[in-house]
Amino acid sequence: MKKILILILCCTSACSHIKNVTTNVEMKNKNYEIKEVKEGSNIKYDYIIYDDNHNEMDRGTTTRINPRITNTDKILQLCISEGTGLQNCKYYDTEEKKKSEWFETPILFNNQFVVRLNKLTKPSGIIIENIFNKSQFYEEYDINFSDKEIWPIEKINFINDNTIKITYVSDDKEKVKTEIIKFQ
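Residues numbered from 1 in each chain as written. Predicted model: local features only at pLDDT ≥ 70, side-chain atom pairs only at ≥ 80, totals over all residues. Heavy atoms only, no water.

Trainee: Looking at this model, I keep getting lost on the nonpolar core. Mind explaining?
Mentor: Nonpolar side chains tend to gather and get buried jointly when the protein is soluble and globular. Core analysis: the biggest nonpolar cluster contains 18 residues, and Ile-126, Ile-128, Ile-164, Ile-166, Ile-181 and Phe-183 have the highest contact counts within it. Among the elements of the structure, strand S12 (113-117), strand S13 (125-130), strand S15 (153-160) and strand S16 (163-169) are those that each provide at least two residues to this core. Apart from residues lying up to four places away in sequence, Phe-183 is in contact with Phe-113, Ile-128, Phe-137, Tyr-141, Phe-158, Asp-161, Asn-162, Thr-163 and Ile-164. (Core = buried A, V, L, I, M, F, W, Y, C linked by side-chain atoms within 4.5 Å. Buried < 20%, exposed > 50% of the residue type's maximum accessible area, 1.4 Å probe, protein only. Helix = DSSP H or I, 4+ residues; strand = E, 2+ residues; numbered from the N terminus. Contact = heavy atoms within 4.5 Å.)

In structure tokens, the structure reads:
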């Protein structure tokens, strides 16, 4: 990792001290860049997302926690955690130059859909929506999750582009059940 020490001299009488700023390039590839910036005891992360032609699609800053980027099936997933296990994620199709809105704690995605719980505390189902435009597809599915489990989902995956298989602990005598949900 390359560290760059930048000394910023403030020339006004209100700011006559020297402020140390250290920048550490954390991650970089053709579609994104994340830089850690330390200002005294504060840490923030600046991120930039690029399309396949290296044009800027999005940028932002987080505090304290490094954003996580995953590149899967031509979709870039940017997740920012709050340190509680909850996270907000945004998606980018860098080839088609599309970006999504933020999703709260998604559990599964592919190049077209995002799957998330309908409630984070005591979920009673899941929501499946179009990754870039929920007006194209948005459905809620009731699932009899156990309310005694902190995380009732044992396994969830896409069988194909518009079908998921979910294995979960049910409220029905705490039995493990599997459902296949075909949508759109």
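We are not done yet, so read on.
Trainee: Hey, could you run me through the state of the cysteines in this one?
Mentor: Here a disulfide denotes one covalent bond, and it connects the sulfur atoms of two cysteines. Taken as a whole and judged by the stated rule, the model has one disulfide. For Cys-79, the disulfide goes to Cys-89, at an S-S distance of 2.1 Å. Torsion about the S-S bond of the Cys-79 and Cys-89 cystine: about 105°, corresponding to right-handed handedness. On the criterion of sequence distance, the pair formed by Cys-79 in strand S7 (residues 75-81) and Cys-89 in strand S8 (residues 87-93) is long-range, its members being 10 residues apart. (Disulfide = S-S within 2.5 Å.)

Trainee: Sorry if this is basic, but what is going on with the packing of aromatic side chains here?
Mentor: Note on aromatic pairs: each is described by the distance of the centres and the angle between the planes. Evaluated as defined, the whole model comprises six aromatic pairs. Measuring from centroid to centroid gives 4.8 Å for Tyr-91 and Phe-109, while their planes differ by 50°, and the two rings are tilted. Here Phe-109 lies in strand S11 (residues 106-109) and Tyr-91 lies in strand S8, a separation of 18 residues in the sequence. As far as the burial class goes, Tyr-91 and Phe-109 line up, both buried. An aromatic cluster of three or more residues is present, and its members are Tyr-91, Phe-103 and Phe-109. (Phe/Tyr/Trp six-rings, centres within 6.5 Å; stacked < 30°, edge-to-face > 60°.)

Trainee: Could you clarify how one ought to interpret the sheet that holds strand S17 (residues 176-182) in this entry?
Mentor: By way of backbone hydrogen bonds, the strands of a sheet pair with one another, either parallel or antiparallel. Pairing within the open sheet is antiparallel, and its three strands lie in the order S15-S16-S17. With one partner strand each, in any of the chains shown, S15 and S17 form the two edges of the open sheet. Adjacent strand axes in the sheet meet at a mean angle of 15°, parallel and antiparallel pairs treated alike. Note: S16 against S17, seven bridges, orientation antiparallel. (Pairing = 2+ DSSP bridges. Axes fitted to C-alpha atoms, helices over the stretch in contact; angles between N-to-C directions.)

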